Amino acid sequence: MELLNKKVLVVGSGKSGIGAAGLLGAIGARPVIFDSNEKIKIDEIQQKAGNIPGLTIYIGSVPETVKKEIVLVVISPGVPIDAPFLTKYRELDIPIWGEIELAWAFSKGRVVAITGTNGKTTTTTLVGDILKAHFSSVFVVGNIGNPYTQAALETREDSVVAAEISSFQLETIHTFRPTVSAVLNITPDHLNRHHTMECYVSVKESITRNQTGEETCILNYEDPYTRDFAGRCPARVVFFSSKRELEEGIWLKGEEIYLSGPGSGGKREGLRESLRLMNIHDMNLVGMCNVENVMAAIGICHAMKVPMETILKVIKDFKAVPHRIEFVATKNGVDFYNDSKGTNPDAAIQGIRAMTKPTVLIGGGYDKESEYDEWIEAFDGKVKAFVLIGQTREKIAACARAHGIKNIILADTFEEAFAICVEQAQSGDAVLLSPACASWGMFPNYEARGDLFKELVEKIGV
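**Topic: the overall build of the chain**
Inference 1: If you tally the helices and strands in the chain, you get 18 helices and 21 strands.
Inference 2: For a compact globule of 462 residues, the expected C-alpha radius of gyration is about 23 Å, and the chain comes in at 23 Å, within 12% of that figure.
Inference 3: C-alpha atoms of the chain, sized along the principal axes, occupy 65 × 60 × 40 Å.
Inference 4: Out of the 462 residues in the chain, the part that is buried amounts to 58%.
Inference 5: Put simply, 64% of the contacts in the chain that link residues at least 6 apart link residues at least 24 apart.
Inference 6: Of the roughly 19500 Å² of accessible surface on the chain, a fraction of 49% belongs to carbon and sulfur atoms.

Shown next, in the form of structure tokens:
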């Protein structure tokens, strides 16, 4: 699309919006940032944006004269695609893109794209580290917190981009075509946005929309949605499995990870070639969820022709990403874990499963219309006290009582919840922040929630 001197509406003034406007200004377009939140000041946006050429900013509404000049709309991930104000642009056949599509249109090189309900950030970070150990030009972008648009114009023909892609970002792709894609898992999440599970699943699958048999898609064999999708996936499918041996793919047997199939370089077992890769205790990550993340990363990087020696070395040195079953400290004999990124029940299930000690658990937050039965069933007698906060605390408490959980304590603030945990925990216990809910309403994001938890841990005994 020719955008030189053309006005492009950028909806949203957060990181994605600023990144999109910056790219547009750099290529000679005339970006127009619009934010419907009338509490935001134009000066604040201007300060974040810096000196973007040709930029104009509107709060609350866009003048009709400006609307008539718009040739493209770029929406931030937080903007629903069914937002009423987008209707007029659709009626005028004006394209509506997201940040990922915009960045793709102006970037070079190859892209590895990773989605899934849980594990995206850990897997993308690990993949990025592996790729950096082999390729000279690597960018780690997307939902991980680094807008793709800020890196797009820096990419070269030999660049590799590792992108974490959320379902919100997948709603607005059109031509985006990764060399390797991955769908780690699909469990109910964001149904307040996607409305139905069928719609959510379809959006996740769309990461492969423009791939062909020349490209690769890494899928979780143990997830019923991704296993079923394999038959419809347009790309070459490589599975990983934590529960069974695979004729071709990456799989776990006991505590050992194996690679099977043509080109694995392993010994022949019947018609299969199998290569033992590593023991799961050779890595610093904990929990079966992270074993699956590692297997996915192996599949992705093997498909990108990274030497296995390099892949395994980086994995063994890799530390957990912040806020995902992150060990914080031991205070007075109590281990504290920050799993603030456990923003839905399935992610929180992985958090509690990783605990090996009696656990005092902080849960609750913003209501995404999730159900909590499976999460609470996964407690498996480990949770000695359940401290609940936020909008969902009564809903979760009722569910917990129905499952026989006795020691349930409601707190009004995060600080109060933390103090209760310290009081409830004894030497030899663990305290786990794994809320199963988004942070909105109490915090701007899960990072702020996790950072406060870590600050409070560090203050114990001071």
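**Looking at the packing of helix α17 (residues 414-424) against helix α18 (residues 446-459)**
Inference 1: Where α17 contacts α18, the two axes come as close as 11 Å, and the packing angle between them is 45 degrees. With respect to their mutual orientation, α17 and α18 come out oblique. Considering how the two elements wind past one another, α17 and α18 form a crossing that is right-handed. Taken together, the residues of α18 that come into contact with α17 (itself represented by Phe414, Glu415 and Phe418) are Arg449, Leu452, Phe453, Leu456 and Val457.
Inference 2: The class makeup of the residues in the contact of α17 with α18 is 6 nonpolar, no polar and 2 charged.

**Remarks on the pattern of salt bridges**
Inference 1: Summed over all chains, the structure comprises 18 salt bridges.
Inference 2: With a closest N to O distance of 2.7 Å, arginine 232 and aspartate 228 form a salt bridge.
Inference 3: Judged by its relative accessible area of 46%, arginine 232 falls in the partly exposed class.

**Considering the packing of aromatic side chains**
Inference 1: Using the criterion set out here, one finds 14 aromatic pairs in the structure.
Inference 2: Judged by centre distance (5.5 Å) and plane angle (85 degrees), the rings of tryptophan 104 and phenylalanine 176 are edge-to-face. Here the residue tryptophan 104 occupies a position in helix α5 (residues 99-105), and phenylalanine 176 occupies one in the loop between α8 (167-170) and β9 (180-183), the gap between them amounting to 72 residues.
Inference 3: Both rings, one in tryptophan 375 and one in phenylalanine 386, keep their centres 5.5 Å apart while their planes meet at 75 degrees; by these two values the pair is edge-to-face. Taken together, the residues span a long stretch of sequence, with tryptophan 375 in helix α15 (residues 373-377) and phenylalanine 386 in strand β19 (residues 383-388) at a distance of 11 residues. A single burial state applies to tryptophan 375 and to phenylalanine 386, both of which are buried.
Inference 4: Aromatic ring contacts, followed pair by pair, group Tyr372, Trp375, Phe379 and Phe386 into a single cluster.

**Let's talk about the sheet that holds β19**
In any sheet, the strands associate via hydrogen bonds between backbone groups, in a parallel or an antiparallel arrangement.
Inference 1: Reading across the sheet, the 6 strands line up as β16-β17-β21-β18-β19-β20 and stay open at both edges, with mixed pairing between neighbours. Each having just a single partner strand, β16 (326-331) and β20 (408-410) make up the two edges of the open sheet. Taken over all neighbouring pairs, the strand axes of this sheet differ in orientation by 20 degrees on average, direction set aside.
Inference 2: As paired elements, strand β18 (residues 359-363) and strand β21 (residues 430-433) share 4 bridges and run parallel to each other. Note on β21: the bridge partner recorded for isoleucine 362 is leucine 433.
Inference 3: Relative to β19, α17 is tilted by about 165 degrees, and along the sheet it contacts β17 (334-338), β18, β19, β20 and β21.
Inference 4: Strands β16, β17, β18 and β21 of the sheet are contacted by α18, whose axis makes an angle of about 20 degrees with β16.

**Topic: the environment of alanine 297**
Inference 1: You can see alanine 297 is positioned in helix α12 (residues 288-303).
Inference 2: For the pair alanine 297 and threonine 124, spaced 173 residues apart in the sequence, the C-alpha separation amounts to 7.9 Å.

**What about the environment of glutamate 394?**
Inference 1: Along the polypeptide, glutamate 394 turns up in helix α16 (residues 393-402).
Inference 2: Overall, the relative accessible area of 47% leaves glutamate 394 in the partly exposed class.
Inference 3: In this structure, the C-alpha to C-alpha distance between glutamate 394 and leucine 410, residues 16 residues apart in sequence, is 8.1 Å.

**A word on empty space enclosed by the protein**
Inference 1: If you walk through the whole model with that rule in mind, you get 1 cavity of 30 Å³ or more.
Inference 2: Its volume calculated, the largest cavity comes out at about 40 Å³.
Inference 3: Taken together, Ile75, Ser76, Pro77, Gly98, Glu99, Phe168, Gln169 and Thr172 make up the full set of residues lining the largest cavity.
Inference 4: Residue classes in the lining of the largest cavity are distributed as 3 nonpolar, 4 polar and 1 charged.

**Looking at the packing of helix α6 (residues 120-132) against α12**
Inference 1: Where α6 contacts α12, the axes come no closer than 9 Å and their chain directions differ by 40 degrees. Compared by their axis directions, α6 and α12 come out oblique. The interaxial crossing formed by α6 with α12 has right-handed handedness. Contacts from Thr122, Thr123, Leu126, Val127, Ile130 and Leu131 in α6 reach Asn290, Asn293, Val294, Ala296, Ala297, Ile300 and Cys301 in α12.
Inference 2: Considering only residue class, the contact of α6 with α12 consists of 9 nonpolar, 4 polar and no charged.

**A short note on the pairing of strand β6 (residues 110-115)**
Inference 1: Along β6, 5 of the 6 residues are buried, which leaves the element largely enclosed by surrounding structure.
Inference 2: As paired elements, β6 and strand β8 (residues 160-164) share 5 bridges and run parallel to each other. Opposite isoleucine 114, over in β8, you have glutamate 164 as the bridge partner.

**With respect to a negative patch on the surface**
Inference 1: A cluster of like negative charges, contributed by Glu371, Asp373, Glu374 and Glu377, occupies part of the molecular surface.
Inference 2: Within the element layout of this structure, aspartate 373 appears in helix α15.
Inference 3: Note on aspartate 373: relative accessible area 32%, which makes it partly exposed.

Conventions used here
- Residues numbered from 1 in each chain as written.
- Predicted model: local features only at pLDDT ≥ 70, side-chain atom pairs only at ≥ 80, totals over all residues.
- Heavy atoms only, no water.
- Helix = DSSP H or I, 4+ residues; strand = E, 2+ residues; numbered from the N terminus.
- Rg over C-alpha atoms; globule rule 2.2 N^0.38 Å.
- Buried < 20%, exposed > 50% of the residue type's maximum accessible area, 1.4 Å probe, protein only.
- Contact = heavy atoms within 4.5 Å.
- Areas by Shrake-Rupley, 256 points an atom, 1.4 Å probe, with all protein chains shown as cover.
- Axes fitted to C-alpha atoms, helices over the stretch in contact; angles between N-to-C directions.
- Parallel < 35°, antiparallel > 145°, perpendicular 65-115°, else oblique.
- Left-handed = near helix turned anticlockwise from the far one by under 90°.
- Nonpolar A, V, L, I, M, F, W, Y, C, P; charged D, E, K, R; others polar.
- Salt bridge = Lys/Arg side-chain N within 4 Å of Asp/Glu carboxyl O.
- Phe/Tyr/Trp six-rings, centres within 6.5 Å; stacked < 30°, edge-to-face > 60°.
- Pairing = 2+ DSSP bridges.
- 1 Å grid on protein atoms, 1.4 Å probe; cavity = no way out; pocket = protein on both sides within 12 Å on 5 of 7 lines; lining within 4 Å.
- Points joined across faces, edges and corners; volume = space filled by probe spheres on them.
- Patch = residues over 30% accessible without salt bridge, like charges linked within 9 Å, V, L, I, M, F, W, Y side chains within 5 Å.
- Lys, Arg positive; Asp, Glu negative; His and termini not counted.
- Charge placed at Lys NZ, Arg CZ, Asp CG, Glu CD.

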